[in-house]
Amino acid sequence: MKTKKFLERLKVEVDTYMDKLLPPDTVYPSVIHEAMRYSIFAGGKRIRPILLLVCYQATGGKEIEKVMPFACALELIHTYSLIHDDLPVMDNDDLRRGKPTCHKVFGEAIAILAGDGLFSHAYYLMTLTDVNKKRLLEAIKIISNAIGSLGIVGGQTMDIKMKGERPDPKTLRYIHSRKTACFISASCEIGGILAGTSRKKREALRKGGLYLGMAFQIVDDLLDVIGDEKKVGKRLRKDKDKVTYPALYGVNGSRFRAKAYTELAIKNFQKLGEASDKLVEISKYLEQRMF
Ligand code: GRG
């Protein structure tokens, strides 16, 4: 309950900043700003910005308002990836975050542009981050690498290419680490970078985030099999022809692996000492989530 409340409080803070930092939907041409805001505020857990903020504080960062623009930028990029992932040429989904997907409401062309608009605006927001410019440049380098063809784009490419194929452990690990874990790892590492932490702690955050991200995607796979559509907010039982952990290891084997990755994440986060308490709580909470 304590962790749930903590996450809800930070989600409200992130949402308040995003509301201020996104162009209002009255700005011409209003339809694009309506579509961008629609997908952002349709729902979502805000895990990536929250991890950035928690890692920033765990490594000595004091003024979270200074790094809020970067935290919001992560959510804009994530939402952009969801809009494009839902398109008919990708996963062809009609429900996301409990609401009709962006292209169902605004049409495909505007949905593509809403994703593009969120992506570019994310980089604009990064420039508003009020930290030492060397740290900022390093953080931009890390996120750019995590979301390109060596990260999310590569993972999504193989996710699509492997549809209908027999899953094998190596390809499965590649897809999950690039499609999801890279971004979660970057969110954690960037928190430390913006706080100006040591190489050693930064590495603990990077590795911890990577393991946490693997567990996160395995739980996402599991929810497709055992979850409740109302709680998850998207159509379920849709991953049947996809390369997933349950397809390769079954429900129990996947649970076991989600737990093992969570334990590895915690082990790495604990290298920060007592400051890791919140990260440990969040890791355990995410492993048990039903949404
Ligand atoms: C370069 C950002 C970018 C995208 C282009 C479309 C695409 C390539 C990638 C899609 C990647 C994708 C959708 C991965 C799934 C990751 C995942 C677990 C999504 C669900 O995240 P949650 O549970 O969702 O954090 P909420 O709605 O809570 O934010």
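Residues numbered from 1 in each chain as written. Predicted model: local features only at pLDDT ≥ 70, side-chain atom pairs only at ≥ 80, totals over all residues. Heavy atoms only, no water.

### Things to note about the overall build of the chain
Regarding its fold elements, the chain presents 13 helices and two strands. Here the C-alpha atoms of the chain give a radius of gyration of 18 Å, agreeing with the 19 Å that 2.2 N^0.38 yields for 291 residues. The dimensions of the chain, computed from C-alpha atoms along their principal axes, are 50 × 45 × 35 Å. Across the 291 residues of the chain, 54% fall into the buried class. Counting contacts in the chain only where the partners sit at least 6 residues apart, residues at least 24 apart contribute 72% of the total. Of the accessible surface of the chain, which amounts to about 13400 Å², a share of 56% is contributed by carbon and sulfur atoms. (Helix = DSSP H or I, 4+ residues; strand = E, 2+ residues; numbered from the N terminus. Rg over C-alpha atoms; globule rule 2.2 N^0.38 Å. Buried < 20%, exposed > 50% of the residue type's maximum accessible area, 1.4 Å probe, protein only. Contact = heavy atoms within 4.5 Å. Areas by Shrake-Rupley, 256 points an atom, 1.4 Å probe, with all protein chains shown as cover.)

### Some thoughts on helix α1 (residues 2-21)
Under the 1.5 Å per step criterion, the end-to-end length of α1 is 29 Å for 20 residues, consistent within 8% with the ideal 28 Å. Those residues of α1 not exposed but buried are Thr 3, Phe 6, Leu 7, Leu 10, Val 14, Asp 15, Met 18 and Leu 21. Of the surrounding elements, those touching the buried residues of α1 are α2 (30-41), α3 (47-58), α4 (64-86), α6 (108-127) and α13 (277-288). (Expected span 1.5 Å × (residues − 1).)

### Details of the nonpolar core
In this structure, Leu 52, Leu 53, Phe 70, Ile 143, Ile 190 and Leu 194 are the most contacted members of the largest nonpolar core, which totals 68 residues. The biggest single contributor to this core is α4, with twelve residues. In contact with Ile 190, other than residues within four places in its own chain, are Leu 52, Phe 70, Ala 139, Ile 142 and Ile 143. (Core = buried A, V, L, I, M, F, W, Y, C linked by side-chain atoms within 4.5 Å.)

### Let's talk about the site of the ligand
Contacts to the ligand come from 20 residues, most closely from Lys 45, Arg 48, His 78, Arg 97 and Ile 147. In this structure, Arg 48 approaches the ligand through a side-chain N or O atom, which is 2.8 Å from an oxygen atom. Within the contact set of the ligand, an oxygen atom lies 2.8 Å away from a side-chain nitrogen or oxygen of His 78. Counting residues per element, the ones that place at least two in the shell around the ligand are α4, α8 (152-161), α9 (169-195) and α10 (199-226). Ranked by residues supplied to the shell around the ligand, first place goes to α4 with seven residues. Its residues assigned to classes, the shell around the ligand comprises seven nonpolar, seven polar and six charged. (Near = heavy atom within 4 Å. Polar contact = N/O pair within 3.5 Å; in protein donor to acceptor, adjacent residues only side chain to side chain. Nonpolar A, V, L, I, M, F, W, Y, C, P; charged D, E, K, R; others polar.)

### Quick look at the packing of aromatic side chains
Per the counting criterion, the structure on display carries six aromatic pairs. An angle of 75° between the planes, with centres 5.8 Å apart, marks the rings of Phe 119 and Tyr 123 as edge-to-face. In this pair, Phe 119 and Tyr 123 are both assigned in helix α6, four residues apart and thus about one turn of the helix distant. Exposure remark for Phe 119: the relative accessible area of 27% places this residue in the partly exposed category. Taken together, a centroid distance of 5.5 Å and an interplanar angle of 40° make the contact between Tyr 245 and Tyr 249 tilted. Highlighted residues: Tyr 245 and Tyr 249, both in helix α12 (residues 245-269), separated by four residues, approximately one helical turn. (Phe/Tyr/Trp six-rings, centres within 6.5 Å; stacked < 30°, edge-to-face > 60°.)

### A short note on the side chain of Asp 221
Summarising the element assignment, Asp 221 is placed in helix α10. For Asp 221, which is buried and forms no salt bridge, the nearest opposite charge comes from Lys 179, at a distance of 5.3 Å. Ignoring sequence-local partners within four residues, the contact set of Asp 221 consists of His 176, Thr 244, Tyr 245 and Pro 246. (Lys, Arg positive; Asp, Glu negative; His and termini not counted. Salt bridge = Lys/Arg side-chain N within 4 Å of Asp/Glu carboxyl O.)

### Notes on the state of the cysteines
Within this structure, the stated rule accounts for zero disulfides. Sulfur of Cys 55: no disulfide; nearest cysteine sulfur belongs to Cys 188 and is 3.9 Å away. This cysteine, Cys 72, is not joined by any disulfide, and Cys 55 carries the nearest cysteine sulfur, 16 Å off. (Disulfide = S-S within 2.5 Å.)

### Things to note about a positive patch on the surface
Taken together, the side chains of Lys 200, Lys 207, Lys 267 and Lys 271 define a basic patch exposed on the protein surface. For Lys 271, the position within the fold is in the loop between α12 and α13. (Patch = residues over 30% accessible without salt bridge, like charges linked within 9 Å, V, L, I, M, F, W, Y side chains within 5 Å. Charge placed at Lys NZ, Arg CZ, Asp CG, Glu CD.)

### Digging into the packing of α6 against helix α7 (residues 133-147)
Contact geometry for α6 and α7: axes closest at 11 Å, N-to-C directions at 160°. Here α6 is positioned roughly antiparallel relative to α7, judged by the angle of their axes. The interaxial crossing formed by α6 with α7 has right-handed handedness. Together, Phe 119, Tyr 123, Met 126 and Thr 127 of α6 and Leu 136, Ile 140, Ile 143, Ser 144 and Ile 147 of α7 make up the contact between the two elements. Looking at side-chain class alone, the contact of α6 with α7 contains seven nonpolar, two polar and no charged residues. (Axes fitted to C-alpha atoms, helices over the stretch in contact; angles between N-to-C directions. Parallel < 35°, antiparallel > 145°, perpendicular 65-115°, else oblique. Left-handed = near helix turned anticlockwise from the far one by under 90°.)

### Notes on the packing of α12 against α13
Close contact between α12 and α13 brings their axes to 9 Å; oriented N to C, the two are set at 175°. The pairing of α12 with α13 is recorded here as roughly antiparallel in orientation. Every residue of α13 that contacts α12 at Arg 255, Ala 258, Lys 259, Thr 262, Ile 266 and Phe 269 is listed here: Leu 279, Val 280, Ser 283, Lys 284 and Glu 287. Class assignment for the residues of the contact of α12 with α13 results in five nonpolar, two polar and four charged.

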